Amino acid sequence: MKNMLKNFTILYVEDEEMVRKSAVEYLERVAKEVLQAKDGKEAIKVWREHKPDIIITDISMPRLNGIDMASYIRAHDKDVQIIIATAHSDTEYLLKAVELQLVKYIIKPITKEKLIGALEKSMELIEDKSKFNLSLSPTAQYNAYEKVIYDNGKEIKLTKNETLFLDLLAHHHTRVVKYEEIESAIWAYDGMSQDAIRSLVRGIRKKVPENCIENVSGSGYKLHTYSD
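Residues numbered from 1 in each chain as written. Predicted model: local features only at pLDDT ≥ 70, side-chain atom pairs only at ≥ 80, totals over all residues. Heavy atoms only, no water.

Undergrad: For the overall build of the protein chain, give the residues involved together with the corresponding values.
TA: Looking only at helices and strands, the protein chain features nine helices and twelve strands. Here the protein chain holds 228 residues, and 43% of them are scored as buried. For the protein chain, the exposed surface amounts to about 12700 Å²; the carbon and sulfur share of it is 48%. (Helix = DSSP H or I, 4+ residues; strand = E, 2+ residues; numbered from the N terminus. Buried < 20%, exposed > 50% of the residue type's maximum accessible area, 1.4 Å probe, protein only. Areas by Shrake-Rupley, 256 points an atom, 1.4 Å probe, with all protein chains shown as cover.)

Undergrad: Lay out unusual backbone geometry with the relevant residues and their values.
TA: The residue after Lys108, namely Pro109, is reached through a cis peptide bond having omega 5 degrees. Along the chain, the position of Pro109 falls in the loop between β5 (104-107) and α6 (112-130).

Undergrad: Please set out the nonpolar core residue by residue, giving values where relevant.
TA: Formed by 26 residues in total, the largest nonpolar core has its most connected members in Phe165, Ile182, Ile197, Ile213, Tyr221 and Leu223. Listing elements by their share of this core, those giving two or more residues are β7 (140-143), α7 (160-171), α8 (179-186), α9 (194-205) and β12 (220-223). Sorting elements by how many residues they give to this core places α7 first, with five residues. Each residue touching Ile197, except ones within four places of it in the same chain, is listed here: Phe165, Ile182, Trp187, Met192 and Tyr221. (Core = buried A, V, L, I, M, F, W, Y, C linked by side-chain atoms within 4.5 Å. Contact = heavy atoms within 4.5 Å.)

Undergrad: Give me the packing of aromatic side chains: which residues, what numbers.
TA: The way to describe two aromatic rings as a pair is by their centre distance and the angle between their planes. Scanning the entire structure with this criterion turns up three aromatic pairs. Both rings, one in Trp47 and one in Tyr72, keep their centres 6.3 Å apart while their planes meet at 90 degrees; by these two values the pair is edge-to-face. On the criterion of sequence distance, the pair formed by Trp47 in helix α3 (residues 40-50) and Tyr72 in helix α4 (residues 66-76) is long-range, its members being 25 residues apart. With a centroid separation of 6.1 Å and 90 degrees between ring planes, the pair formed by Tyr179 and Tyr221 is classed as edge-to-face. Separated by 42 residues along the polypeptide, Tyr179 in helix α8 and Tyr221 in strand β12 bring together distant segments of the chain. Per residue, the accessibility class of Tyr179 equals that of Tyr221, and both read buried. (Phe/Tyr/Trp six-rings, centres within 6.5 Å; stacked < 30°, edge-to-face > 60°.)

Undergrad: Please provide a residue-by-residue account of the sheet that holds β12, values included.
TA: Strand order in the open sheet made by the three strands is β10-β12-β11, with antiparallel pairing throughout. Each of the sheet's edge strands pairs with one partner strand only, and the pair in question is β10 (177-178) and β11 (213-216). In the packing of α7 onto the sheet, contacts are made with β10, β11 and β12, and the angle to β12 comes to roughly 70 degrees. Sheet strands touched by α9: β11 and β12. Its angle to β11, the strand with the most contacts, is close to 155 degrees. (Pairing = 2+ DSSP bridges. Axes fitted to C-alpha atoms, helices over the stretch in contact; angles between N-to-C directions.)

Undergrad: Would you mind going over helix α2 (residues 17-28) in detail, with residue names and values included?
TA: Counted at 1.5 Å a residue, the expected span for α2 with its twelve residues is 16 Å, and the 16 Å between its end C-alpha atoms agrees. Taken residue by residue, α2 has Arg20, Ala23, Val24, Tyr26 and Leu27 as its buried positions. Relative to the axis of α2, the buried residues are bounded by an arc of 160 degrees and lie together on one face. Counted as exposed and oriented over 90 degrees from the buried face of α2: Glu17 and Met18. (Expected span 1.5 Å × (residues − 1). Arc of directions from axis to C-beta.)

Undergrad: Give a description of the packing of α7 against α9 that names residues and reports values.
TA: The geometry of a pair of packed helices is captured by two quantities: the angle between their axes and the separation between those axes. Put simply, α7 and α9 touch, their axes get as near as 10 Å, and they point 85 degrees apart. By the angle between their directions, the pair α7 and α9 is classed as roughly perpendicular. Contacts between α7 and α9 involve Asn161, Glu162, Phe165 and Leu166 from the former and Ile197, Leu200, Val201, Gly203 and Ile204 from the latter. (Parallel < 35°, antiparallel > 145°, perpendicular 65-115°, else oblique.)

If you want it as structure tokens, here you go:
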């Protein structure tokens, strides 16, 4: 596992300093980079700045607990792998963990074996995503893990909203993505205007192969892959 983790950044969140220090010391021996936070609010700040690949967090913490922190991060980041650790097995938390697509729910005390098991599961999920590539034309591909378009090996630059839009269409490329889904993913707080979506689509169509993005009248948009 040591070699497998060398490319990943881990954020460890725990309010008990001795527990956090011990875990971080071990993780620093196997991971590319290890970040740490003492509560949920600090963890959100670190996540925003560094975008770690894996988050390991306690549930019971001051200011903001691990479940609420995970809920916030998951709403904005579908790719980060989140592992929850707790001293108690609580059915409500277990159900929430499933809803939030968390990797693992570890019962304390955290042993090296439990940690390795959870990290290996995280890496499997990351590896699965890294294989998710869609051909948009004979020369253009979309890498869903990197969230990047490559055309003839050259990266096509996308804006933040263009990336969110294309990633949504890519993950649901077998069907039409509804306007409501697009609004929720990109304009959840501001609401989506017709001008905003038209402007977004007009901009991204200049960067992707012709006829790649179809507007289905009254419904939404669909991404056409090269194999369609």
